[in-house]
Amino acid sequence: MEINFVRVSQKKFKGKPNMGAYEKVYPNFKWEDVHDEVEWFDGGKLNQAYNTIDKHRNTWRKNKVALYWEGDDGSTKKFTFLEMSNLSNKFANVLKSNGIKKGDRIFIFLSRIPENYISFLGILKMGGIAGTMFAAFGPEAVKDRLLDSDAVAVVTDVKLKPRIDQVRKDLPSLKHVFVVGGKDLKKESGELSFDEELAKASRDFEVEKMNPDDVAFMQYTSGSTGKPKGVMHTHGGMAQQHITAKWVLDLKDEDIYWCTSDPGWITGIIYTILGAWSNGVSQLIFDGRFDPDRWYSLIEKYQVNVWYTAPTALRMLMSSGEDVPKKYNMKSLRHICSVGEPLNPEPIRWAHKVFGLWVHDTWWQTETGSMLICNYPKMDMKVGYMGKPFPGITASIRDENGNEVKPGVEGDLCLQPGWPSMFNGVWKNEEKYKSYLKNGWYVTGDKAKMDPDGYFIYVGRGDDVIKTAGERVGPFEIESVLIEHPAVAEAGVIGKPDPEGIRGEIIKAFLVLRKGHTPSKELEDDIRKFIKTRLAGHMYPKEIEFRDTLPRTQSGKIMRRVLKAQELGLPTGDLSTIEK
Ligand code: PRX
């Protein structure tokens, strides 16, 4: 069934967009055209952190504010490009003076405080490989990442350090723990005060000149099987991260920009740190919880012009009613973009009513390293569609044999590999990396359709990966922790549509209890708490169903596909491999 989506003319887009008309730009574009958007060193070398921050210190932007920071409690700070450059130089020196070398993995476990961003840039400057972790992660999730990456150092703060302490004994490679605000630290365990180290360090640092295919950072992300995997991104991704921010987010020097994503996720890395600052924009970073009043007031207070957010956030704002936004002046907003999960037409129409702007959807993945299918300022939009491929990108819908299907037919969303920001490996897992490539195409794992005008529409995931509130969650990770609960014998986890229509999907767990345990409301709550504290706040199963058995294949694998079909009242498909 084809849904009747509205086509929106972009003639009314506010101001003169950075990107020309899509129909003219796309056919003639070559990646070489944007080569000079990046500052290169001799011999084809570069450094992403240099391009993000340092290049501005030699220009008029030196004293321009790079970061307007606001904490949950309302405290504020601001940093110029020069200050960000000096502070990240200092941290690069701290790392080096502690014997940390190029190629070493250094992880960041902080909320959105300025030290998070300073650390990330410092790591890249000295050629280290940065990894970020969401502050909501529990000890189990932290351990998985630090262990798999053999991280030698982690940057954290007093609040979050206890979660590292709990798993420290299992992390033999971890030599240094830099603690923001840390006092009375155990020097013999490699604990160092971030602040004291920074104060001692020189603000002069010569950045490491990297090859385009040298890894700059890795982002752990979930698939349908196994633990999260370290997706590796290179310094050479810079040109694409810069140009997508310039053309799709339409960032201009006079803008105040707000990306609501956390650097624990790929969007917070690419479009808060890299692509945004490389465009020299001043940005707001809010280190606080979601609250409609607060969010609207931040737009008003900082006069935010460009806003990059997620469908769940828009739906949550929408559900808080129309009276709340009326209290604030949000006329500064000129461009809104969204990412992470399907953006249905309802919040788009709502946002148009409230802000007078059409939300521009963008599609991409942790693996793609930047936006690939988008709506552009000078391209008419079809409300509810993800848009069209970015210049330089070839997208195609293919069947299971790798053949392209006709417009309107559902298939696998595939991309021609080789774009500059594409991941260049999965940490210690070459096999996984190779599994993404089939018949010469990168297979995204998403099901989609292309209409006769070349617009792409999302259908759903082709695997068991769950998207809850825009966050990518692997069922295996949750199942593994669930069966560690003393009452749980077996667990199968699926995503199902959020009955409240806010979060995209919610997580549902089907559990078989161990002998001697009986289902109860208290037990359900205890299991939820177990996941929240061990794994992460967003990974707990909102719904729990107790069963006597779970459907399994003859080889013993839990059949999530069957659980999902049963839950949604859909045909269960081929059950020939089910355990009898
Ligand atoms: O299923 C698609 C969904 O999010 C997946 C990628 O998740 P992650 O690696 O966490 O990256 C999210 C931020 C870049 C995709 O495979 N997704 C992302 N954007 C959209 C989307 N689904 C529908 N519409 C989108 N615009």
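Each remark here, short or long, concerns the structure printed above.
Residues numbered from 1 in each chain as written. Predicted model: local features only at pLDDT ≥ 70, side-chain atom pairs only at ≥ 80, totals over all residues. Heavy atoms only, no water.

**Things to note about the packing of aromatic side chains**
Argument step 1. Summed over all chains, the structure comprises 34 aromatic pairs.
Argument step 2. When the centroid spacing of 6.4 Å and the interplanar angle of 75° are considered together, the rings of F29 and F390 count as edge-to-face. Of this pair, F29 sits in the loop between α1 (22-28) and α2 (48-57) while F390 sits in the loop between β18 (388-389) and β19 (395-398), and the two are 361 residues apart along the sequence. Each member of the pair F29 and F390 is classed as buried.
Argument step 3. The interplanar angle of 50° and the centroid separation of 6.1 Å between the aromatic rings of F107 and Y220 together place this pair among those described as tilted. Residue F107 is located in strand β4 (residues 105-109), and its partner Y220 is located in strand β9 (residues 215-221); the two are separated by 113 residues in the primary sequence.
Argument step 4. According to the relative accessible area criterion, F107 is buried, its value standing at 0%.
Argument step 5. Residue classification places Y220 among the buried positions, given a relative accessible area of 5%.
Argument step 6. In this structure an aromatic cluster arises from ring pairing among W258, F290, W295, Y296, W307, Y328, W350 and F355. (Phe/Tyr/Trp six-rings, centres within 6.5 Å; stacked < 30°, edge-to-face > 60°. Helix = DSSP H or I, 4+ residues; strand = E, 2+ residues; numbered from the N terminus. Buried < 20%, exposed > 50% of the residue type's maximum accessible area, 1.4 Å probe, protein only.)

**Describing the packing of helix α11 (residues 311-319) against helix α13 (residues 345-355)**
Argument step 1. Two elements in contact, α11 and α13, have axes whose closest approach is 10 Å; the angle formed by their N-to-C orientations is 60°. It follows from the interaxial angle that α11 and α13 lie oblique. In this structure, the crossing between α11 and α13 has a hand that is left-handed. Counted together, L314, R315, L317 and M318 of α11 and E346, P347 and W350 of α13 form the full contact between these two elements. (Axes fitted to C-alpha atoms, helices over the stretch in contact; angles between N-to-C directions. Parallel < 35°, antiparallel > 145°, perpendicular 65-115°, else oblique. Left-handed = near helix turned anticlockwise from the far one by under 90°. Contact = heavy atoms within 4.5 Å.)

**A word on the pairing of strand β6 (residues 153-157)**
Argument step 1. In terms of residue burial, β6 counts as a mostly covered element, since 5 of its 5 residues are buried.
Argument step 2. Alternating positions in β6 separate into two faces, A153, V155 and D157 on one and V154 and T156 on the other, with burial throughout.
Argument step 3. Bridge count for β4 against β6 is 3 bridges, and the pairing is parallel. The residue bridging I106 from the neighbouring strand is A153, located in β6. (Pairing = 2+ DSSP bridges.)

**A closer look at the nonpolar core**
Argument step 1. Core analysis: the biggest nonpolar cluster contains 101 residues, and M84, F178, L249, Y257, W277 and Y308 have the highest contact counts within it.
Argument step 2. With 8 residues, helix α9 (residues 266-278) is the single largest residue contributor to this core.
Argument step 3. Contacts of Y257, omitting those with residues within four sequence positions, involve L249, L251, Y271, A276, V281, S282, Q283, L284, V306 and Y308.
Argument step 4. Membership of the second largest hydrophobic core comes to 47 residues, among which are I129, V493, L523 and F530. (Core = buried A, V, L, I, M, F, W, Y, C linked by side-chain atoms within 4.5 Å.)

**Some thoughts on the sheet that holds strand β2 (residues 65-71)**
Argument step 1. One open sheet accounts for 9 strands, arranged β3-β2-β12-β11-β13-β14-β15-β16-β18; its pairing is mixed. Each having just a single partner strand, β3 (76-80) and β18 make up the two edges of the open sheet.
Argument step 2. The sheet contacts of helix α10 (residues 292-302) involve β2, β3, β11 (256-259), β12 (282-287) and β13 (306-309), and relative to β2 the element is tilted by about 145°.

**As for the sheet that holds β6**
Argument step 1. Within the open sheet, the 8 strands sit side by side as β8-β7-β6-β4-β5-β9-β10-β21. Their pairing is mixed. Looking at which strands have only one partner, the edges of the open sheet turn out to be β8 (191-193) and β21 (425-426).
Argument step 2. The sheet contact formed by strand β5 (residues 129-133) and β9 spans 2 bridges and is parallel. Note on β9: the bridge partner recorded for A130 is F217.

**Focus on the environment of A136**
Argument step 1. Note on placement: A136 falls in the loop between β5 and α5 (139-149).
Argument step 2. When its relative accessible area of 30% is taken as the criterion, A136 is described as partly exposed.
Argument step 3. A sequence separation of 219 residues divides A136 from F355, and the C-alpha atoms of the two residues are 31 Å apart.

**Overview of the pattern of salt bridges**
Oppositely charged side chains can form a pair if their charged atoms are brought close together.
Argument step 1. Taken as a whole, this structure holds 50 salt bridges when the rule is applied.
Argument step 2. Close ionic contact of K200 with E197 constitutes a salt bridge, the shortest N to O distance being 3.2 Å. Taken together, the residues K200 and E197, both in helix α7 (residues 194-200) and 3 residues apart, mark about one turn of the helix.
Argument step 3. Using a relative accessible area of 65% as the deciding quantity, one classes K200 as exposed.
Argument step 4. You can call E197 buried: its relative accessible area is 11%. (Salt bridge = Lys/Arg side-chain N within 4 Å of Asp/Glu carboxyl O.)

**Regarding α13**
Argument step 1. P345, P347, I348, W350, A351 and F355 are the residues of α13 that are buried.
Argument step 2. On the buried face of α13, the contacting elements are α10, β13, α11, β14 (335-339) and β15 (359-363).
Argument step 3. In the stretch just after α13, G356 is the one whose phi turns positive, near 75°.

**What to know about the site of the ligand**
Argument step 1. Surrounding the ligand, one finds 18 residues, the nearest of these being T362, Q365, T366, K467 and R472.
Argument step 2. Here D446 contributes a side-chain N or O atom positioned 2.9 Å from an oxygen atom of the ligand.
Argument step 3. Between an oxygen atom of the ligand and a side-chain N or O atom of K467, the distance comes to 2.8 Å.
Argument step 4. Expressed as a share of its isolated accessible area of 550 Å², the protein-covered part of the ligand is 96%.
Argument step 5. Those elements that provide at least two residues to the shell around the ligand are α9, β15 and β24 (456-461).
Argument step 6. Looking at the shell around the ligand, the element that brings in the most residues is β15, giving 3 residues.
Argument step 7. Partitioning the shell around the ligand into residue classes produces 7 nonpolar, 5 polar and 6 charged. (Near = heavy atom within 4 Å. Polar contact = N/O pair within 3.5 Å; in protein donor to acceptor, adjacent residues only side chain to side chain. Areas by Shrake-Rupley, 256 points an atom, 1.4 Å probe, with all protein chains shown as cover. Nonpolar A, V, L, I, M, F, W, Y, C, P; charged D, E, K, R; others polar.)

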